[in-house]
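# Fold and contact review
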Amino acid sequence: MRSPIMKSFGIVFLGEKSILVRSAYYNSNYQMGDQRNMQDSSEDGIGCCGCILMGLSYILVILFFPFSLCMTIKIVTEYERAVIFRLGRVLPGGAKGPGMFFILPCLDEFKKIDLRTVSYDVPPQEILTKDSVTVAVDAVIYSRVFDPTMSVCNVENADSSTRLLAATTLRNVLGTKNMSELLTERDSIAQQMQAILDQSTDPWGIKVERVEIKDVRLPVQLQRAMAAEAEASREARAKVIAAEGEQRASRALKEAADIMAQSPAAIQLRYLQTLQSIAAERNSTIIFPLPMDLLSGFGKK
């Protein structure tokens, strides 16, 4: 015999085995975006009162035909879908469209959902980076609805919720980056934001296709400091390059002097070449360079 306790828990005896049957089951799991649960809940039945109301609605459509067609026939375009609610329940089969569909007056309500990709700007966010630098960053988000039923049933306003989530995600992600990473790794940061947003908005029926960081505005004092640092770095590199040039020039002059010292005629030819270059400029004064050992002989006398 079954005891009252066993009946309350739903224990059914099958020979020597017992199976515990759950007395209740979950109707719809909207937060997980389960489309099948939505359809199952709509197929459970609308009750006697619902059947009576549907019958009256059909009678009204027949009595006022063809004028009732204005109330029953609806059309959605190629890029739109219609989510129909009958007595508060989503009709099985998912969203309707594109094209023409029928509704029952006074019983059905529908909501149009645009499936096109929409873009919107994330307002500039004042962000404190990992190295304690305050920057203002704004981004642009591209998203679309891939499941109209989930976007209507799982969230009150999918567009507004996605905007707020994008702004929050932008602050959270950039708060873990240094200023140098923020300026040089925009693509990787955008991909990371897209992955986080896509995972979060998937139960809402929203697909985040792309995230782009538009602008990073630094404080004026920080811009001046970075400009001064860059200018000092360029000056230091210029001095190093000039010093290297002087060093190479001195080595070349030393090698030329060693070669000329081996042949006295080379020095005379160099004198003549210098005189030719001076005469080509039509100068009135010509200087003849003389060796120092020649002048030293005159000094002894």
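Everything here concerns the structure above.
Residues numbered from 1 in each chain as written. Predicted model: local features only at pLDDT ≥ 70, side-chain atom pairs only at ≥ 80, totals over all residues. Heavy atoms only, no water.

## Let's talk about the side chain of glutamate 80
Here glutamate 80 lies in strand 4 (residues 80-86). One buried charge, glutamate 80, has no salt-bridge partner; the nearest side chain with opposite charge is lysine 112, at 4.3 Å. (Helix = DSSP H or I, 4+ residues; strand = E, 2+ residues; numbered from the N terminus. Buried < 20%, exposed > 50% of the residue type's maximum accessible area, 1.4 Å probe, protein only. Lys, Arg positive; Asp, Glu negative; His and termini not counted. Salt bridge = Lys/Arg side-chain N within 4 Å of Asp/Glu carboxyl O.)

## Quick word on the environment of glutamate 80
According to the relative accessible area criterion, glutamate 80 is buried, its value standing at 17%. Not counting residues up to four positions away in its chain, the partners in contact with glutamate 80 are Pro98, Lys112 and Ile113. (Contact = heavy atoms within 4.5 Å.)

## As for unusual backbone geometry
Here the amide bond leading from phenylalanine 65 into proline 66 is cis, since omega sits at 5°, within 30 degrees of zero. You can see proline 66 is positioned in the loop between helix 3 (47-63) and helix 4 (69-72). For the peptide bond that leads from glycine 97 to proline 98, omega is 0°, which places it in the cis range. Along the chain, proline 98 falls in the loop between strand 5 (89-90) and strand 6 (99-102). Of note in the backbone geometry, leucine 87 takes a positive phi value of approximately 55° without being a glycine.

## Re the layout of surface pockets
The space that makes up the largest pocket amounts to roughly 290 Å³. Lining the largest pocket are 17 residues, and of these Ile113, Val145, Ala158, Asp159 and Ile206 sit closest to its centre. Elements that contribute at least two residues to the lining of the largest pocket include exactly strand 7 (108-114), strand 9 (134-145), helix 5 (148-153) and helix 6 (158-174). Residues of the lining of the largest pocket, tallied by class, amount to seven nonpolar, four polar and six charged. (1 Å grid on protein atoms, 1.4 Å probe; cavity = no way out; pocket = protein on both sides within 12 Å on 5 of 7 lines; lining within 4 Å. Points joined across faces, edges and corners; volume = space filled by probe spheres on them. Nonpolar A, V, L, I, M, F, W, Y, C, P; charged D, E, K, R; others polar.)

## Side note on the nonpolar core
Counting residues in hydrophobic clusters, the biggest one holds 23 residues, and the most contacted among them are Val135, Val137, Ile141, Leu170 and Leu174. Contributions of two or more residues to this core are made by strand 8 (118-128), strand 9, helix 6, helix 7 (179-184), helix 8 (186-201) and strand 10 (206-217). If one sorts the elements of this core by residue count, helix 6 sits on top with five residues. With residues near it in sequence (within four places) discarded, leucine 170 still touches Val122, Gln125, Ile127, Val137, Ala139 and Met193. Residues Ile113, Val152, Val155 and Ile206 belong to the second largest nonpolar core, which totals eight residues. (Core = buried A, V, L, I, M, F, W, Y, C linked by side-chain atoms within 4.5 Å.)

## Structural notes on the sheet that holds strand 10
Strands in a sheet are paired, the pairing made by backbone hydrogen bonds, and the direction either parallel or antiparallel. Strand order in the open sheet formed by three strands is 8-9-10, with antiparallel pairing between adjacent strands. Whereas interior strands pair on both sides, the edge strands pair on one side only; in this sheet they are strand 8 and strand 10. In this sheet, adjacent strand axes meet at a mean angle of 25° when their direction is disregarded. Taken together, the nine bridges between strand 8 and strand 9 define a ladder with antiparallel strand orientation. Within strand 9, the residue paired with leucine 128 across the bridge is threonine 134. Helix 6 contacts strand 8, strand 9 and strand 10 of the sheet and is inclined by roughly 35° relative to strand 8. Running at roughly 145° to strand 10, helix 8 makes contact with strand 9 and strand 10 of the sheet. (Pairing = 2+ DSSP bridges. Axes fitted to C-alpha atoms, helices over the stretch in contact; angles between N-to-C directions.)

## Regarding the sheet that holds strand 7
An order of 5-4-7 is seen for the three strands of this open sheet, with the pairing classed as antiparallel. Taken across any chain shown, the strands that pair with only one partner, and hence form the sheet edges, are strand 5 and strand 7. Both strand 4 and strand 5 contribute to a ladder of two bridges, which runs antiparallel. Note that in strand 5 the partner of phenylalanine 85 across the bridge is valine 90.

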